[in-house]
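Observations on chain architecture
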Amino acid sequence: IAYEPIWAIGTGRTATPEQAQEACAHVRREAGSVLDGAALRVLYGGSVSPETAAELVAQLDVDGALVGGASLNPESFAAIVHAA
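A brief report on the enclosed structure follows. (Residues numbered from 1 in each chain as written. Predicted model: local features only at pLDDT ≥ 70, side-chain atom pairs only at ≥ 80, totals over all residues. Heavy atoms only, no water.)

Here the focus is the overall build of the chain. Broken down by element type, the chain carries 3 helices and 3 strands. Traced from its N-terminal end to its C-terminal end, the chain shows the element sequence β-α-β-α-β-α. Against the 2.2 N^0.38 benchmark of 12 Å for 84 residues, the chain shows a C-alpha radius of gyration of 12 Å, consistent with a compact globule. Taking the principal axes of the C-alpha coordinates as reference, the chain spans close to 40 × 25 × 20 Å. When the 84 residues of the chain are sorted by exposure, 33% land in the buried category. Nonlocal contacts in the chain, meaning residues at least 24 apart in sequence, comprise 56% of its contacts between residues at least 6 apart. Summed over all atoms, the accessible surface of the chain reaches about 5,000 Å², with 58% contributed by carbon and sulfur. (Helix = DSSP H or I, 4+ residues; strand = E, 2+ residues; numbered from the N terminus. Rg over C-alpha atoms; globule rule 2.2 N^0.38 Å. Buried < 20%, exposed > 50% of the residue type's maximum accessible area, 1.4 Å probe, protein only. Contact = heavy atoms within 4.5 Å. Areas by Shrake-Rupley, 256 points an atom, 1.4 Å probe, with all protein chains shown as cover.)

Written out as structure tokens, the structure is:
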């Protein structure tokens, strides 16, 4: 499941790691009530960049990143993959 705050779509703004953790934990709790919680993966999307990726994916309930515009630049995308 991917989560992206509405205010981050196309704006270049990203959540703080704490905000991403809180939102992804909420998604995990809600979805885990009807899906296999052990198999569930929650991705954070919202202007993920090489500068923010490591802190975002380090959060307990953030299993990865849904990369948008940064994926169009090979160097940027590679830096995000490396950070994650």
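The topology assignment puts A2 in strand β1 (residues 2-3). Given the relative accessible area of 44%, A2 is considered partly exposed. In this structure, the C-alpha to C-alpha distance between A2 and C24, residues 22 residues apart in sequence, is 8.7 Å. Those residues within four positions of A2 in sequence are excluded, and the remaining contacts are L43 and L66.

This brings us to the packing of aromatic side chains. In total, this model carries 1 aromatic pair according to the counting rule given. Between Y3 and Y44 the ring centres are 6.4 Å apart and the planes differ by 45°, which places this aromatic pair in the tilted class. With a gap of 41 residues between them, Y3 in strand β1 and Y44 in strand β2 (residues 43-45) connect regions that are remote in the sequence. The class for Y44 is buried, based on a relative accessible area of 0%. (Phe/Tyr/Trp six-rings, centres within 6.5 Å; stacked < 30°, edge-to-face > 60°.)

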